[in-house]
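Structural characterization, general
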Amino acid sequence: MEGPFLPMSMKEKKTIFRMFAGHISRGQVKLMRAAHLDFLETQRKGIGFKDAQSQRFIIDCFTSAGCFNVGRGNEEIISAIDEAAKDLDMGSSCLTSHHKLAFAKKLASVTPGDLTRVLFSAGGGEAIDGAIKLARGATGHNEVISMIKAYHGHSGFSLSANGKEYYRHLFEPLMPGFSFVPFGDLDAVRRQASDKTAAIILEPVQGEGGIFVGDDFYLRGLRQLCDDLGIMLIFDEIQTGFGRTGKMFASEHSGVIPDIMAIAKSVSGGLYPTAAVVYRDIPVLVDFVDKNPWFHRCFSGGSDLGCVAASRVLDYFIKNRLWENAERMGVILKEALLQLQRENPKIIREIRGRGLMIGIEYLDEYMGALMADSLSKHGIFAVYSGNQPQVMRFMLPITITREEIERVIVITRAAVATMKVFLPLTEPLAKIPGVRLLLNNIHVQITVFEWIRLFEDLFASFKKSRAGEVRQ
Ligand SMILES: Cc1ncc(COP(=O)(O)O)c(C=O)c1O
């Protein structure tokens, strides 16, 4: 089916979805189908992929929240991995490795200030675990201040730092010592911080929380507070890193250097999972790691093969100065979206973001689901912010060209027009007390979209059989 890219038949596609539901997740299949996101990725290339059955080219506006900054199926990096795989494997995690060293050195040459020491992990959540453990272990304190609506992953410490109940409530009690304050509110952090605080953790631009940019005053204030109280400042750059916001790392906009930074996703181009904790070369952190070299071990993290891939990815970023492209293309996209907002004040509340990390906030939550559905019909795969459903994220590969960004703009305009068709129905409904809550409820949305999808499929097969009859 994959091989020479033969179109997959509808029957084959249905079988895959049925079996995926049986072996992996029925809920996921239901949700993706309801939202017209039942794609099967094939021919991943540049800014998107082809759907294996329809053979439509789909623009990847989500990029798994910043995994594919170097574009889908980047050939330069694939061939570097191919070549390396002839000789390398994961490597023995306890042995010294020149591949790990080469990557760590290269990484240290692009990270801000004295963020030059590296601890490897396999995934983002685990890197956040490592960052929090490092802060707790090194300071000897255990309180952590995180942000409401923050998203840091699903493992022990990272889940405890997630600022949304939706992810947390099924697993309480989580790690003790975590408290939450509103993102951007420096005074709230000041009130919460004490000499028992080990770390303040945040994303310099909140991603899942709805694309909120931490301003310079706020980030510098946090830095000062941490310096005054001996607290470790942790930046989660898992989404914002590697050119996404128009700089190699988002922290560079404010000039604030965190003590600890977590990276993952695009560090290895979305081609080989790798993640890392990068920390400052300061005695409090270095001494702790030197005394406890195995405090955060992961046999799959920082594998030799992953480090070679990540080195090539870094070369690619630097050679093409991709962060500058993210800045240029981001300005064009943001301006076009602002124009769309001016034309549609009853739909779009705000456009915000930095570089190619842009969010469109709709007036109502249910509009996020409607827009995801409309975009997918028009050939764009976009997903709303997990912790803020009325915000649609635009996080395209930052290799995108001027021509491609213009195409995204045309499609987005068409999708808004499609979405508007539903509004005369939903707007009056949303005014009825209680109905707005129902419209904004994800389970209700899935059921409604499932019915719409069923109706559309029935209508399409009816049309097809009528066309067959006419031909006969
Ligand atoms: C900001 C941020 N932190 C942490 C994570 C968790 O990364 P992973 O899914 O690799 O564990 C994510 C993933 O979306 C993220 O966006």
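What you see is a predicted model; the values in this text were computed from it and never measured. (Residues numbered from 1 in each chain as written. Predicted model: local features only at pLDDT ≥ 70, side-chain atom pairs only at ≥ 80, totals over all residues.)

This part takes up the sheet that holds strand β17 (residues 388-394). Backbone-to-backbone hydrogen bonds pair the strands of a sheet. The strands run either parallel or antiparallel. Sheet architecture is open: four strands sit in the order β13-β14-β17-β16, paired in antiparallel fashion. A single partner strand is all that each edge strand has here, and the edge strands are β13 (348-354) and β16 (384-385). Alignment of β13 against strand β14 (residues 357-362), held across six bridges, turns out to be antiparallel. From the neighbouring strand, Arg352 faces β14, where its bridge partner is Gly359. Against the sheet, helix α14 (residues 322-343) contacts β13, β14 and β17, and its axis sits at roughly 170° relative to β13. (Pairing = 2+ DSSP bridges. Helix = DSSP H or I, 4+ residues; strand = E, 2+ residues; numbered from the N terminus. Contact = placed C-beta atoms within 7 Å. Axes fitted to C-alpha atoms, helices over the stretch in contact; angles between N-to-C directions.)

All right, on to the site of the ligand then. In the vicinity of the ligand, 14 residues are found, and the nearest of them are Gly123, Gly124, Gly125, Gly153 and Ile238. For the shell around the ligand, the element with the most residues is helix α6 (residues 124-139), which contributes three residues. Looking at the shell around the ligand residue by residue, the class counts come to five nonpolar, seven polar and two charged. (Near = placed C-beta within 6 Å. Nonpolar A, V, L, I, M, F, W, Y, C, P; charged D, E, K, R; others polar.)

Next up on the list: the pairing of strand β3 (residues 57-60). Relative to β3, strand β2 (residues 48-51) runs antiparallel, the two being bridged by three bridges. Residue pairing across strands places Lys50 opposite Phe57, the latter belonging to β3. Remark: five residues form the turn of the hairpin made by β2 and β3, two consecutive strands paired antiparallel; Gln55 in that turn has positive phi of roughly 65°. As paired elements, β3 and strand β15 (residues 380-381) share two bridges and run parallel to each other. Residue pairing in the sheet places Asp60 in a bridge with Phe381 of β15.

It is the contact of helix α5 (residues 98-110) with helix α13 (residues 304-320), at a shortest axis distance of 8 Å, that shows an interaxial angle of 30°. Relative to α13, the element α5 lies roughly parallel. Between α5 and α13 lies a crossing whose hand is left-handed. From α5, His99, Lys100, Ala102, Phe103, Lys106, Leu107 and Val110 reach across to α13, where they touch Asp304, Cys307, Val308, Ala310, Ser311 and Leu314. Residues belonging to the contact of α5 with α13 are distributed by class as follows: eight nonpolar, two polar and three charged. (Parallel < 35°, antiparallel > 145°, perpendicular 65-115°, else oblique. Left-handed = near helix turned anticlockwise from the far one by under 90°.)

Looking now at the domain arrangement of the protein. Structurally, the protein comprises domain 1 (10-66 + 329-458) and domain 2 (75-320). Among the secondary structure elements, those contributing two or more residues to the side of domain 1 that touches domain 2 are α3 (63-66), β13, β14 and β17. Classifying every residue of the side of domain 1 that touches domain 2 by side-chain character gives six nonpolar, ten polar and four charged. (Domains from an automatic or database assignment.)

To continue, consider the environment of His253. Here His253 lies in helix α11 (residues 251-254). Since 20 C-beta atoms lie within 10 Å of it, His253 is described here as buried. Separated by 162 residues in the primary sequence, His253 and Gly91 place their C-alpha atoms 37 Å from one another. (Buried ≥ 20, exposed ≤ 12 C-beta atoms within 10 Å, placed from the backbone.)

This part is about the sheet that holds strand β5 (residues 143-147). Here we have seven strands laid out as an open sheet, ordered β4-β12-β11-β10-β7-β5-β6, and mixed in their pairing. The open sheet is flanked by β4 (115-121) and β6 (178-181), the only strands paired with a single partner. Within this sheet the neighbouring strands show an average axis-to-axis angle of 25°, counted without direction.

Contact geometry of α14 with helix α16 (residues 402-420) gives a least axis separation of 10 Å together with a crossing angle of 20°. The pairing of α14 with α16 is recorded here as roughly parallel in orientation. Handedness of the crossing formed by α14 with α16: right-handed. Seen from α14, the contacting residues are Met329, Ile332, Leu333, Ala336 and Leu340; seen from α16, they are Ile405, Val408, Ile409, Thr412, Arg413 and Val416. When its residues are assigned to classes, the contact of α14 with α16 shows nine nonpolar, one polar and one charged.

Its location among the elements puts Glu252 in helix α11. Sequence-wise, Glu252 and Gly113 are 139 residues apart; in three dimensions their C-alpha atoms are separated by 9.8 Å. Among residues more than four places away in sequence, those in contact with Glu252 are Pro112 and Lys247.

Moving on to unusual backbone geometry. A cis geometry characterises the amide bond from Glu172 onward to Pro173, with omega recorded as 0°. On the secondary structure map, Pro173 appears in the loop between α8 (165-168) and β6. Of note, the phi angle at Ser64 is positive, near 45°, even though the residue is not glycine. Its location among the elements puts Ser64 in helix α3. Overall, the presence of 13 C-beta atoms within 10 Å leaves Ser64 in the partly exposed class. Unlike most non-glycine residues, Arg321 shows phi in positive territory, near 45°. Mapped onto the elements, Arg321 comes out in the loop between α13 and α14.

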